[in-house]
Amino acid sequence: MDRQEVLEGLADVAVELLGVDKAQVTEGARFDEDLDVDSLGLVEFVMAVEDRFDVKVPEDKLEGITTVGQAADLVLEMAGSPAEPAETGPRGPNAVSGAG
Amino acid sequence: MTEGPPRRRVAVTGLGVKAPAGTDLEAYWKAVRDGTPTAGPIRRFDPEILPEQFRFACEVPEFDLGPYFDFKEARHADRAAHLGVAAALDAVADAGDLGAVDPARCGVYAGCGVGGLMSMEEQNQILHNRGASRVSPYLVPMMMANATPATIGMKLGWSGPNLCVATACAAGTHGVGEAYMLVRYGLADVMVGGGTEACMTPLAMSSFGRMGALSPRVNDPEHASRPFDPDRDGFVMGEGAGFLVLEEWDHAVARGARIYGEVLGYARNTDAYHITAPVPGGAGAAACMQMALADAGIEPSDVAHVNAHGTSTPLNDASEAQALVKVFGERAVPVTSGKGVTGHLVAGAGAIEAVATFLSLRDGVVAPTANHDRDDPELAIDVVSGAAREVAPGPVVSNSFGFGGHNASIVLGPAPA
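Predicted, not measured: the structure shown is a model, and the values here were computed from it. (Residues numbered from 1 in each chain as written. Chains lettered and ligands numbered in written order. Predicted model: local features only at pLDDT ≥ 70, side-chain atom pairs only at ≥ 80, totals over all residues.)

Another aspect to go through is the interface of chain B and chain A. The interface of chain B with chain A comprises six residues on the first partner and six residues on the second. Of the residues contributing to the side of chain B that touches chain A, the split by class is three nonpolar, one polar and two charged. (Contact = placed C-beta atoms within 7 Å. Nonpolar A, V, L, I, M, F, W, Y, C, P; charged D, E, K, R; others polar.)

Spelled out as structure tokens, the structure:
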């Protein structure tokens, strides 16, 4: 999974959950100010991202994540984390298809 | 007339429904006035999980949520709130420009029996299938029964009294009546009162079915809800919402509002008898109607018609008929039930029936009780059936009775001629 795939996936999740235009979901887009995501919205967003990329994002890792680009980095970091081997997860192959 | 603090007159100036057969006032009223049943196969969920005989209901036709919710709000609200908020906003729009009102003296009372049950059922499946970490962080505001009045208050910016009334099938009339009391006693100037329900869900229908409360007429759903008919065999589940704008009379007159009519009196009591069965003989319901008439300062002979609870269950209709005879005498007043058309909307029921009552008063007709094909020899009441009956507008008693023994009777009057 490369960074572009992750960004694509995050944009898809944002479109689905937030009803925003895909074009709004740029690397620099801020969750609170640009995408109007509140604290509950962030929990839901992370949950959907975890499902999509079959990664586990620990809550303490969310500290300081304010933009879509930072979120993409975190997803890549978690996907590469040996504690959470994404490729062997039960929903791995489908979740990272990136289609849509 | 009961004693108490000084009373103000309360006008009804706005009506809104999201009901089976109609997501706007006139479509809904046409179906009720024509006695056109709306029951049919369940489409909102796969009914296969239900016993075959219960796979039908009265659903609200699809409507666009766009005028009422933005994208995220709609996703994070249950169907009960979709229906309720939309009906309430319709009612406020119908009332026209309210003019100068203090938002702190405007509020919302909404009946809701169970809240966002479908959301709860869906998330419960997720909990058991995928674990707690997959449960939506929005489930609490989706399932809480007070989500509807809270959301209506937010949308209108009304910061006055805001409550959810959870008295099961009586809650719609309680929602209207309790709101009326606030305006009447000067604790609010404008209230939106009504009820909403969307418990047409697999779990709710299974449990109502297990109680023996639902009609099993799956092969003839249109004729399943048949209030006061001798062949009645249970109610038909419905979903939907109704709301009324209740406004201090002088304020309504001063702004030149279109006034549908007024609330003349209201009463609520409890059987204190059984958690689901009405007290035999309908003593609680009769007392409630008598108190409502006394509150309105009128005699039973002044009543032009009764909008009955009339659920089509053997027990409710028998005890309500006994209560009606006790209050009015045998076959002394025309009685109608809209549930032959709409099914039973639980907390939405009394509210959409109050809406229908004001349209009935407007048109000078009493709607027929759909599927009331013949009189039950055991019930000595005059049930309007077949076609709408012309009746000169006058005070109407509208009843709702709920599990728990909750009774509500409200007296609604026509607009001044």
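All names here are of chain B. Along the chain, Cys 112 falls in the loop between strand E4 (106–111) and helix H4 (117–130). In the structure, Cys 112 is positioned 28 residues away from Gly 84 in sequence and 9.2 Å away in space, judged by C-alpha atoms. Apart from residues lying up to four places away in sequence, Cys 112 is in contact with Ala 80, Ala 145, Thr 148, Cys 164, Ala 166, Ala 171, Gly 195, Thr 196, Glu 197 and Ala 347. (Helix = DSSP H or I, 4+ residues; strand = E, 2+ residues; numbered from the N terminus.)

What follows concerns the packing of helix H10 (residues 283–296) of chain B against helix H11 (residues 314–328) of chain B. All names here are of chain B. Running from N to C, H10 and H11 cross one another at 45 degrees; their axes reach a closest spacing of 8 Å. By the angle class used here, H10 and H11 are oblique. In this structure, the crossing between H10 and H11 has a hand that is right-handed. Between H10 and H11, the residues in contact are Ala 285, Ala 286, Met 289 and Gln 290 and Ser 319, Glu 320, Ala 323, Lys 326 and Val 327, respectively. When its residues are assigned to classes, the contact of H10 with H11 shows five nonpolar, two polar and two charged. (Axes fitted to C-alpha atoms, helices over the stretch in contact; angles between N-to-C directions. Parallel < 35°, antiparallel > 145°, perpendicular 65-115°, else oblique. Left-handed = near helix turned anticlockwise from the far one by under 90°.)

On to the confidence of the model for chain A. Predicted confidence across chain A gives a mean pLDDT of 84, with 80% of residues reaching 70 or more. Mean pLDDT in chain A bottoms out at helix H4 (residues 92–95) of chain A, which sits at 38, and peaks at helix H1 (residues 3–18) of chain A, which reaches 96. (pLDDT = per-residue confidence, 0-100.)

Attention shifts here to H4 of chain B. Side chains of residues three or four places apart in an α-helix project in the same direction, reflecting 3.6 residues per turn. Residue and element names in this part refer to chain B. With 14 residues, H4 ought to run about 20 Å at 1.5 Å a step, and its terminal C-alpha atoms sit 20 Å apart, in line with that. Of all the residues in H4, the buried ones are Leu 117, Met 118 and Ser 119. On its buried face, H4 is in contact with helix H3 (79–94), helix H5 (139–143) and helix H8 (202–211). Once H4 finishes, Gly 131 follows within two positions and takes phi at roughly 105 degrees, a positive value. (Expected span 1.5 Å × (residues − 1). Buried ≥ 20, exposed ≤ 12 C-beta atoms within 10 Å, placed from the backbone.)

A few words on H3 of chain B. Residue and element names in this part refer to chain B. Here H3 contains 16 residues, and its C-alpha end-to-end distance of 22 Å stays within 8% of the 22 Å for a straight helix at 1.5 Å per residue. The buried fraction of H3 amounts to 14 of the 16 residues, a majority that puts the element mostly inside the structure. Where H3 terminates, the next one or two residues include Gly 96, which has phi positive at roughly 75 degrees.

Right, let's get into the sheet that holds strand E10 (residues 334–336) of chain B. Residues and elements named next belong to chain B. Here 11 strands make up an open sheet; going across it, the order is E5-E4-E6-E7-E1-E8-E15-E14-E9-E10-E12 and the pairing mixed. The strands lining the two open edges of the sheet, one partner per strand, are strand E5 (162–165) and strand E12 (382–383). Strand direction decides the pairing type here: E4 and E5, joined by four bridges, are parallel. Counterpart to Tyr 109 in the pairing with E5 is Leu 163. Strands strand E1 (10–18), E4, E5, strand E6 (190–197), strand E7 (240–248), strand E8 (261–270), strand E14 (396–402) and strand E15 (406–414) of the sheet are contacted by helix H7 (residues 171–184), whose axis makes an angle of about 170 degrees with E6. (Pairing = 2+ DSSP bridges.)

Residue and element names in this part refer to chain B. Even without being glycine, Phe 228 reaches a positive phi, approximately 65 degrees. A count of 30 C-beta atoms within 10 Å places Phe 228 in the buried class. In this structure, Ser 312 is a non-glycine residue whose phi angle is positive, near 85 degrees. Turning to its location among the elements, Ser 312 is positioned in the loop between strand E9 (305–307) and H11.

Residue and element names in this part refer to chain B. Among the 10 residues in E8, eight count as buried, and that is most of the element. Here three bridges tie E1 to E8, and the two strands are oriented antiparallel to one another. Within E8, the position partnered with Val 10 by the bridge is Val 263. Looking at chain direction, E8 and E15 are connected through nine bridges and run antiparallel. Looking across to E15, one finds that Ala 267 is bridged to Ser 409.

This part takes up the environment of Leu 89 of chain B. Residue and element names in this part refer to chain B. Relative to the assigned elements, Leu 89 resides in helix H3. Sequence separation of Leu 89 and Pro 67 is 22 residues, and the distance between their C-alpha atoms is 9.4 Å. Leaving out residues up to four positions away in the same chain, Leu 89 has contacts with Tyr 68 and Lys 155.

With that settled, consider the packing of H1 of chain A against helix H3 (residues 68–80) of chain A. Residue and element names in this part refer to chain A. The contact between H1 and H3 brings their axes to 9 Å, and the two run at 120 degrees. The angle between H1 and H3 places the two elements in the oblique class. Relative to H3, the crossing made by H1 is right-handed. Together, Arg 3, Val 6, Leu 7 and Leu 10 of H1 and Val 68, Ala 71, Ala 72, Val 75 and Leu 76 of H3 make up the contact between the two elements. Of the residues contributing to the contact of H1 with H3, the split by class is eight nonpolar, no polar and one charged.

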